[in-house]
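A closer look at the structure
What follows is the residue order along each chain.
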Amino acid sequence: RGGWYSLYPKKATDLRTSRARLLEMFTDTTCDPEIMKNATDTYFSLLQGFIASLDGTKQENKLRFMQNFKWTDTLQGNTPSAQQDAIFELVSMAFNVAIWHAKFASRLAGKEKYVYIPHLITPAEKGRDLDPRVMDTYMVQCKAEAQEVTIARAIELKHNATLIATLAFETANFYQKADHTLNTLEPECSSKWRNYLQLKQHFYMAYAYCYHGQTLLAIDKCGESIKSLQEAEKCYSRAEALCKEYRQTKGPGSTAKPSEQLFFTTLGGLIKNTLQKCERENGFIYFHKVPAEVPQLELKASYGLAEPISFEFPAVSEQCTPEVYTTFDLTKGAKAEKAKPKQEEEVKPMKEPDLKPQKDKGCVIS
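What you see is a predicted model; the values in this text were computed from it and never measured. Numbers given for residues are sequential positions, taken from 1 along each chain in its written order. Residues qualify for local features only when their pLDDT is at least 70, as the model is predicted, and side-chain atom pairs are given and counted only at 80 or more; totals for whole chains, interfaces and linings, by contrast, use all residues. Only heavy atoms go into the side-chain values, all of them from the structure, while hydrogens and water stay out.

Examining the side chain of Gln-141
As a reminder of what qualifies: Strands are runs of DSSP state E lasting at least two residues, helices are runs of H or I lasting at least four, and both sets are numbered from the N terminus onward. Exposure categories follow from relative accessible area, calculated using a 1.4 Å probe and restricted to protein chains: below 20% of the type maximum is buried, above 50% is exposed, and the middle band is partly exposed. We call two N or O atoms a polar contact when they sit within 3.5 Å, provided that within protein one can donate a hydrogen and the other can accept it, with sequence-adjacent residues counted only if both atoms are side-chain atoms.
For Gln-141, the position within the fold is in helix α5 (residues 132–156). Classification of Gln-141 as buried rests on a relative accessible area of 9%. A distance of 2.8 Å separates polar atoms of two side chains, one belonging to Gln-141 and the other to Trp-193.

If you want it as structure tokens, here you go:
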């Protein structure tokens, strides 16, 4: 979603080539984390030659403002934001690498971008991808989606209900936190995203109450178990309603259909069957009164939580030497950019490959 547009000697040619290669990896269905890392390291090591000081001092690199970069944003359609600043390119590309890893169901959270963002000459505009609220939301959502994989694995391996309830509760809290992070953004660009985060929050609260109900039944608290499962039904119904609202809400990005996925429909049947079982056993064995208050989910996971993988930019490329720097004509680049009239234009976004899981495990990362 960006552009490297200019002129200049062989060094810039290498940079353009490595950048084009990295952009290709975003839509290449055969790309894996190792290939992505190699492409990322190659480009970032060259790009840092336009940012870092080569003499070890704090003197600003003279090439930093040589090139104009344009990137579109998650919530702003195809109208790009532009800055003539290599740091803007670095953090924008790093942001998209982090998103690729999220799509690959990785646990990369991209914390290192915050080292560079404060050094941007032009602060990020509200609602753009480098807006701290958008960045923070993505990072929390990455953690939540990593947790979804953990929950699906725990269910598949038939771990105890208490662990699954705890992980689901933590995941719901992640989605709630992500939603609250967006609450100060304009509704026209954030409503659809917030609908998605809210439906996921209620869905995983339904999971938490369902498995918490199983835990309560196992310790002969049948009345409380029934109440917990009734609350699971309410949360699930709310998630279904939010799914419809999400599909009908206009906004940037593609529209997922979570209510049609196996992981969603399976939970509905599990809640219904478990509740019926509890009610039968209460009528024949326990004769417990169903409490008016919903049992508290005072759950805190001690293990099983996904942790983000540390990310670091590579060192400056060995090709970046003082001798190479003397070949750049900064006046030529500055004049070429200033001569261009400023105008709004659309940048055609890269089409994301439509990947279908080969085997449905009941877990989908959006």
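There's plenty left to go through after this.
As for the confidence of the model for the protein
Any segment with low pLDDT has predicted coordinates that should not be analysed in fine detail. Selection rule: Each residue carries a pLDDT value, the predictor's own confidence for that position, ranging from 0 to 100. Should any heavy atoms of two residues lie within 4.5 Å, those residues are considered in contact.
Looking at the protein as a whole, its pLDDT mean stands at 83, while 83% of the residues score no less than 70. When mean pLDDT is taken per element in the protein, helix α8 (residues 222–248) scores highest with 95 and helix α11 (residues 330–339) scores lowest with 56. Counting interchain partners and residues more than four positions distant, the pLDDT-below-50 stretch residues 1–7 has 35 contacts. Confidence drops under pLDDT 50 across residues 106–112; counting only partners more than four residues distant or on other chains, this segment forms 21 contacts.

Examining the packing of helix α2 (residues 33–47) against helix α3 (residues 86–103)
To keep it simple, the criterion reads: Angles here are taken between N-to-C directions and fall from 0 to 180 degrees, while the axes themselves are lines fitted to C-alpha atoms, restricted in helices to the stretch in contact. Here the word oblique covers every angle except those under 35 degrees (roughly parallel), over 145 (roughly antiparallel) and from 65 to 115 (roughly perpendicular). Each residue is assigned to one class: nonpolar for Ala, Val, Leu, Ile, Met, Phe, Trp, Tyr, Cys and Pro, charged for Asp, Glu, Lys and Arg, and polar for all the others, Gly among them.
Contact geometry for α2 and α3: axes closest at 11 Å, N-to-C directions at 175°. Considering their axes alone, α2 and α3 lie roughly antiparallel with respect to each other. Contact residues: Pro-33, Met-36, Thr-40, Tyr-43, Phe-44 and Leu-47 in α2; Ala-86, Glu-89, Leu-90, Met-93, Ala-94, Val-97, Trp-100 and His-101 in α3. Among the residues making up the contact of α2 with α3, the classes are represented as eleven nonpolar, two polar and one charged.

Comments concerning the nonpolar core
Note the threshold: Remark: nonpolar core denotes a set of buried residues (Ala, Val, Leu, Ile, Met, Phe, Trp, Tyr, Cys) joined through side-chain atoms within 4.5 Å.
Grouped together as the largest cluster of nonpolar side chains are 90 residues, with contacts concentrated most on Phe-26, Phe-44, Met-93, Phe-203, Tyr-204 and Leu-267. The dominant element in this core, judged by the number of residues it contributes, is helix α7 (residues 187–218), at 15 residues. Leave out the neighbours within four places in its chain, and Tyr-204 touches Glu-148, Ile-151, Ala-168, Thr-171, Ala-172 and Tyr-175.

Remarks on the packing of α7 against α8
Our working rule: Left-handed describes a crossing whose near helix is turned anticlockwise from the far helix through less than a right angle; right-handed describes the clockwise counterpart.
Across the interface, α7 lies against α8 with an axial gap of 7 Å and an inter-helix angle of 165°. In this view, α7 runs roughly antiparallel relative to α8, as classed from their interaxial angle. Considering only the axes of α7 and α8, their crossing is left-handed. Here the residues of the contact of α7 with α8 are counted per class, giving 18 nonpolar, seven polar and six charged.

Some points on unusual backbone geometry
Here the phi dihedral of Asp-220 falls at roughly 65°; this positive angle occurs in a residue that is not glycine. Its place among the elements puts Asp-220 in the loop between α7 and α8. Look at Asp-220 and you get partly exposed, because its relative accessible area is 45%. Not every positive phi belongs to a glycine, and Phe-287 is a case in point at roughly 55°.

Let's talk about the side chain of Thr-215
Examined against the element boundaries, Thr-215 turns out to sit in helix α7. The class for Thr-215 is buried, based on a relative accessible area of 18%. Discounting residues that sit within four places of it in the chain, Thr-215 has contacts with Ala-161 and Thr-162.

What about the environment of Cys-31?
Along the chain, Cys-31 turns up in the loop between α1 (10–27) and α2. Through-space distance from the C-alpha of Cys-31 to that of Phe-104 is 9.7 Å; in sequence the pair is 73 residues apart. Not counting residues up to four positions away in its chain, the partners in contact with Cys-31 are Met-25, Met-36, Trp-100 and Phe-104.

Digging into α7
Basically, it comes down to this: To estimate the expected span of a helix, count its residues, drop one, and scale the result by 1.5 Å. The angle separating two fitted axes, one through the seven residues that finish at a residue and one through the seven that start at it, defines the bend at that residue.
Under the 1.5 Å per step criterion, the end-to-end length of α7 is 44 Å for 32 residues, consistent within 8% with the ideal 46 Å. The largest bend in α7 amounts to roughly 25° and is located at Trp-193. When you tally the buried positions in α7, you get 25 out of 32 residues, the bulk of the element. Backbone geometry just downstream of α7 places Asp-220 in the positive-phi region, at approximately 65°.

Concerning the pattern of salt bridges
Two side chains that carry opposite charge are able to pair once their charged atoms sit near each other. Spelled out, the test is: Any Lys or Arg side-chain nitrogen located within 4 Å of an Asp or Glu carboxyl oxygen qualifies as a salt bridge.
Enumeration over the complete set of coordinates arrives at ten salt bridges. A salt bridge links Glu-156 to Arg-153; its shortest N-O distance comes to 3.4 Å. Taken together, the residues span about one helical turn, with Glu-156 and Arg-153 both in helix α5 at a distance of three residues. Judged by relative accessible area, which is 39%, Glu-156 ranks as partly exposed. Among the charged side chains, a salt-bridge network with shared partners connects Glu-60, Arg-64 and Asp-85.

Notes on the packing of aromatic side chains
Rules: The aromatic pairing rule takes the rings of Phe, Tyr and Trp, using the six-membered ring of Trp, and pairs them if the centres are within 6.5 Å, calling planes under 30 degrees apart stacked, those over 60 edge-to-face and the rest tilted. Criterion for a charge above a ring: Lys NZ or Arg CZ within 6 Å of the ring centre, and within 35 degrees of the ring normal.
Counting across every chain of the model gives 16 aromatic pairs. Ring centres of Phe-44 and Phe-313 lie 5.0 Å apart, and the angle between their planes is 75°; this geometry places the pair in the edge-to-face category. In this pair, Phe-44 sits in helix α2 while Phe-313 sits in the loop between α9 (262–286) and α10 (322–325), placing the two residues 269 residues apart along the sequence. In this structure an aromatic cluster arises from ring pairing among Tyr-175, Phe-203, Tyr-204, Tyr-207, Tyr-211, Tyr-236, Phe-263 and Phe-264. Just above the ring of Tyr-246 sits the side chain of Lys-192; from NZ or CZ to the centre is 4.7 Å.

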